[in-house]
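Each chain, written out:
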Amino acid sequence: MIPRLRPAIGAADIAAAFKGGKSVEEFERTFATLMGQSHAIAFPYGRTAQMVLMEAMELKGREIILPAYTCVVVAHAIVLSGCKPVFVDSETDGFNMDLDKAEAAITANTGAIIATSIHGYPVDLDRLDAIAARHPHVEIIQDCAHSFAAEWHGRPVQKHGRAAIFGLNISKLMTSIFGGMITTDDADLAERLRALRDHRLEGGGRGVSRAFYLGAAATALAPPVFTLVKRIADLGLIDRFVRYYDETLIDMPANHLVQIGRAEASVGVRQCAAYCGIIDRRRRIAAFYDQALADALPDARPPLVDGATYSHYVLRVADPEGLVSAAARRGIELGRLIDYCVPDMMAYRDMASTQGPFDQTRRLNASVVNLPVWVNKTQARRVVETLHAIT
Ligand SMILES: Cc1ncc(COP(=O)(O)O)c(C=O)c1O
């Protein structure tokens, strides 16, 4: 079975994790160079990075504007930092936050806008810059967990704001097994971030268990093995490894303050070198899907956008669950990424009761299906044939 996601990890990466030849500092320097920024500061998760960033920016007590269509952990990090999330609906012709609505949500107490390039689609930097110029008291934080170095008309999104946050777990475009990163060109902020990080986090050690985890995950997500893994997953037996939220809770993983170590850094350095190849392949596969599905699913296809990095290639269909089940029966796993509207979730409902409406986000939640985009051309052809057969 072809899984919906698989990190671009090979035997040499797993060996590098066990060897642990690189330091976290070297990973930070390599990542900063890749992103064209002066500073990169490593964390165990993107959400930990976000919390420490909000503390370093002294945002406690302030309102933070974020998309309603995003990963729920971003909202968790806001609340657990003592801030108030202000959710904004999605744009009508894409997946990102509606920037007019984001600007309308700004008050005197707004501390920051979290600008997310969701699924790798670059946020409109021209409009974002204009908003920032009109509201100088509002910080811009780029959430690059899906986009990494996505570009808006040739301008990398991560450089447009005080700082950018990245997630580096194995479901991301590039990975350091576990991990998160902040990049910034602001030397004072970088210094504060390092001081806070070193004060808050405990050391992660050499990370042999994390090297084993990487080996196990890469094996489990290899298509021949994944057939069995999927059966086990469908029985709910590995829920504790794959379920990342509980509708009623605002929480963090138990190890969110345990810093990454040499195993993660060694994989991270290798992934920085592989980055261009990873993105290149995703762009080629997205273009292939776009062309190959033009007849069968003309209106379901997402836009092809220059500068997008396609962390996910998402179709919009009337019956996403039906499509996921039919594809699974034919050996293709499709995803239902972000099938929830964060402000509708039980943990956020009261907090967000005067915000919204979130009609466009709900439409996305009820229609998106993500295709495997890590695949090679032969596997992509199988995905397309399967979708043709179903539709
Ligand atoms: C859009 C977005 N932002 C932030 C994060 C947080 O990253 P992490 O899981 O490393 O905390 C995620 C996680 O998947 C995400 O999808």
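See the structure above.
Residues numbered from 1 in each chain as written. Predicted model: local features only at pLDDT ≥ 70, side-chain atom pairs only at ≥ 80, totals over all residues.

Asks: I tried to follow the sheet that holds strand E4 (residues 110-116) on my own but got confused; where do I start?
Replies: Sheets are built from strands paired through backbone hydrogen bonds, the pairs being either parallel or antiparallel. Pairing is mixed across the open sheet formed by seven strands, whose spatial order is E1-E9-E8-E5-E4-E2-E3. Looking at which strands have only one partner, the edges of the open sheet turn out to be strand E1 (39-43) and strand E3 (84-88). Between one strand axis and the next, the sheet turns by 25° as a mean value, whatever way the strands run. Here strand E2 (residues 63-67) runs beside E4; their pairing, made up of three bridges, is parallel. Note that in E4 the partner of isoleucine 64 across the bridge is alanine 112. Along the sheet face, helix H2 (residues 24-35) touches E1 and strand E9 (180-184) and points at about 130° away from the line of E1. (Pairing = 2+ DSSP bridges. Helix = DSSP H or I, 4+ residues; strand = E, 2+ residues; numbered from the N terminus. Axes fitted to C-alpha atoms, helices over the stretch in contact; angles between N-to-C directions. Contact = placed C-beta atoms within 7 Å.)

Asks: Before we go on, may I ask you to explain the nonpolar core in this structure?
Replies: The nonpolar side chains of soluble globular proteins are, as a tendency, buried together. Counting residues in hydrophobic clusters, the biggest one holds 112 residues, and the most contacted among them are Leu53, Ile114, Ile165, Met181 and Ile182. The leading source of residues in this core is helix H11 (residues 262-292), at seven residues. Excluding anything up to four places from it in sequence, leucine 53 contacts Ile141, Ala163, Ile165, Ile182 and Leu193. (Core = buried A, V, L, I, M, F, W, Y, C linked by C-beta atoms within 7 Å. Buried ≥ 20, exposed ≤ 12 C-beta atoms within 10 Å, placed from the backbone.)

Asks: When you look at the packing of helix H3 (residues 46-56) against helix H4 (residues 72-79) in this model, what are you seeing that I'm missing?
Replies: Geometrically, a packed helix pair is captured by the angle between its two axes and the distance between the axes. The contact between H3 and H4 brings their axes to 9 Å, and the two run at 30°. Here H3 lies roughly parallel to H4, going by the angle between them. The handedness of the crossing between H3 and H4 is right-handed. When H3 is examined against H4, the residues Arg47, Gln50 and Met51 are found in contact with a partner set consisting of Val73, Val74, His76 and Ala77. Taken together, the residues of the contact of H3 with H4 sort by class into four nonpolar, two polar and one charged. (Parallel < 35°, antiparallel > 145°, perpendicular 65-115°, else oblique. Left-handed = near helix turned anticlockwise from the far one by under 90°. Nonpolar A, V, L, I, M, F, W, Y, C, P; charged D, E, K, R; others polar.)

Asks: Mind showing me how you'd approach the site of the ligand here?
Replies: Near the ligand there are 14 residues, and of these Gly46, Arg47, Cys71, Ala145 and Gly167 occur at the shortest range. Contributing elements (two or more residues each) for the shell around the ligand: H3 and H4. Residues that form the shell around the ligand fall into these classes: five nonpolar, seven polar and two charged. (Near = placed C-beta within 6 Å.)

Asks: Got a minute to help me understand the environment of aspartate 100 in this structure?
Replies: With respect to the helices and strands, aspartate 100 occurs in helix H5 (residues 99-104). On the basis of neighbour count, aspartate 100 is assigned to the exposed category, with 12 C-beta atoms found within 10 Å. A sequence separation of twelve residues divides aspartate 100 from valine 88, and the C-alpha atoms of the two residues are 9.6 Å apart.

Asks: Help me understand the pairing of E9, please; the structure alone is not making it clear to me.
Replies: Remember that side chains alternate between the two faces of the sheet whenever the strand is regular. Counting buried positions along E9 yields five of five residues, so the element is predominantly enclosed. Here E1 runs beside E9; their pairing, made up of five bridges, is antiparallel. Note on E9: the bridge partner recorded for phenylalanine 43 is glycine 180. Judged from the four bridges that link them, strand E8 (residues 163-167) and E9 form a sheet pairing that is antiparallel. When the bridges of E9 are listed, isoleucine 165 appears paired with isoleucine 182.

Asks: Help me understand the pairing of E2, please; the structure alone is not making it clear to me.
Replies: Counting buried positions along E2 gives five out of five residues, so the element sits mostly inside the fold. Residues Glu63, Ile65 and Pro67 line one face of E2 and the alternating positions Ile64 and Leu66 line the opposite face, and both faces are buried. Bridging between E2 and E3 involves five bridges; their strand directions are parallel. Residue pairing for E3: glutamate 63 is matched across the bridge by lysine 84. With H4 bridging E2 and its parallel neighbour E3, the resulting β-α-β unit is right-handed. (Right-handed = clockwise from strand over helix to strand, strands pointing away.)

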